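# Structure assessment
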Amino acid sequence: MEGLNQLEAGWLLWIQENLRTEILDGVMPLVSKVNNSGILAIVAVIILIIWKKTRGIGVVAFVSLALEFLAVNVWLKPMIMRTRPFVVNEALCLLGDYPTDYSFPSGHTGCAFAVAFVCLMCLPRRYGISAIVVAALIAFSRLYNAAHYPTDVLAAVIIALITALLAKLSVGRWTLNRNK
């Protein structure tokens, strides 16, 4: 695992040395912060549930988000206990809040994509694509800020896709048809 950590830390160093700018150094921590504790994803779910027309989609998004939380924060992070990249490689400069949990997989990324994938599958295309763009920006911010390794982010996206599909299959038929 140490070799993989160093390889991926090298990619993060490349981002730090080639993509960081003064403006983005101020913006990217804010992009991450907007989804601290999954708050942006939770707000999106609440908004979907409030409106009767999207209530079923909101329930599917809630189930996807809950499954993602259980998989990432309850099961995988404590089991794998991957050290954060800025701890492994001291040349990496963390931007934003100091994370206190483990690195693998990225919770910020996972919860953003858990809701975004449901939006992509269930809402008109423009809303779904917009949600994916926001989730991708959050995911990139985690790399830009040196808070996560690339595989942390990639694993979170895959987990979110699985939870969105499971949520749509398990509760989607019932909730989406019920609210028409």
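Because the structure is predicted, anything quoted here is derived from the model rather than measured.

Trans is the common state for peptide bonds, and a negative phi is the common state for residues other than glycine. Note the cis peptide between F104 and P105, where omega equals -15 degrees. With respect to the secondary-structure elements, P105 resides in the loop between α5 (85-88) and α6 (107-122). Not every positive phi belongs to a glycine, and S37 is a case in point at roughly 55 degrees. Position of S37 among the secondary structure elements: in the loop between α2 (22-33) and α3 (39-50). Unusually for a residue other than glycine, A146 sits at a positive phi of about 65 degrees.

With that out of the way, let us pick up a nonpolar patch on the surface. Nonpolar side chains collect at one region of the surface, where V34, I39, L40, I42, V43, I46, I47, I50, W51 and V134 lie side by side and expose about 840 Å² of accessible area between them. Relative to the elements of secondary structure, V134 occurs in helix α7 (residues 125-144).

Take the pattern of salt bridges next. Per the counting criterion, the structure on display carries 5 salt bridges. Its salt-bridge partner being K77, residue D101 comes within 3.2 Å of it at the nearest N-O pair. Linking D101 in the loop between α5 and α6 with K77 in helix α4 (residues 55-80), this pair joins segments that are 24 residues apart in sequence. The exposure class of D101 is partly exposed, given its relative accessible area of 37%. Where salt bridges share partners, they join E8, R82 and D152 into one cluster.

With that out of the way, let us pick up the state of the cysteines. Scanning the entire structure with this criterion turns up 0 disulfides. Considering cysteine sulfurs only, C119 is the nearest to C111, which forms no disulfide, with 13 Å between them. Here C122 stays free of any disulfide, with the sulfur of C119 as its closest cysteine sulfur at 8.0 Å.

This brings us to the environment of I49. Tracing the sequence through the fold places I49 in helix α3. In this structure, the C-alpha to C-alpha distance between I49 and G96, residues 47 residues apart in sequence, is 31 Å.

The next point concerns the environment of C119. Tracing the backbone shows C119 in helix α6. With relative accessibility at 8%, the residue C119 sits in the buried group. Separated by 103 residues in the primary sequence, C119 and Q16 place their C-alpha atoms 32 Å from one another. If sequence neighbours within four positions are ignored, C119 has contacts with L48, G128 and A131.

What follows is about the packing of α3 against α6. It is at 9 Å that the axes of α3 and α6 come closest, and there the two elements cross at 30 degrees. Taken together, the axes of α3 and α6 are roughly parallel relative to one another. Across the interface between the two elements, A41, A44, V45 and L48 of α3 pack against C111, V115 and C119 of α6. Of the residues that constitute the contact of α3 with α6, the class distribution is 7 nonpolar, no polar and no charged.

A few words on the nonpolar core. Residues L92, V115 and V118 are the most contacted members of the largest nonpolar core, which totals 40 residues. Elements with a contribution of two residues or more to this core: α1 (2-18), α2, α3, α4, α6, α7 and α8 (150-178). The biggest single contributor to this core is α6, with 10 residues. In contact with V115, not counting residues within four places along its chain, are A41, A44, V45, A61 and L65.

About the thresholds
Residues numbered from 1 in each chain as written. Predicted model: local features only at pLDDT ≥ 70, side-chain atom pairs only at ≥ 80, totals over all residues. Heavy atoms only, no water. Helix = DSSP H or I, 4+ residues; strand = E, 2+ residues; numbered from the N terminus. Patch = residues over 30% accessible without salt bridge, like charges linked within 9 Å, V, L, I, M, F, W, Y side chains within 5 Å. Areas by Shrake-Rupley, 256 points an atom, 1.4 Å probe, with all protein chains shown as cover. Salt bridge = Lys/Arg side-chain N within 4 Å of Asp/Glu carboxyl O. Buried < 20%, exposed > 50% of the residue type's maximum accessible area, 1.4 Å probe, protein only. Disulfide = S-S within 2.5 Å. Contact = heavy atoms within 4.5 Å. Axes fitted to C-alpha atoms, helices over the stretch in contact; angles between N-to-C directions. Parallel < 35°, antiparallel > 145°, perpendicular 65-115°, else oblique. Nonpolar A, V, L, I, M, F, W, Y, C, P; charged D, E, K, R; others polar. Core = buried A, V, L, I, M, F, W, Y, C linked by side-chain atoms within 4.5 Å.

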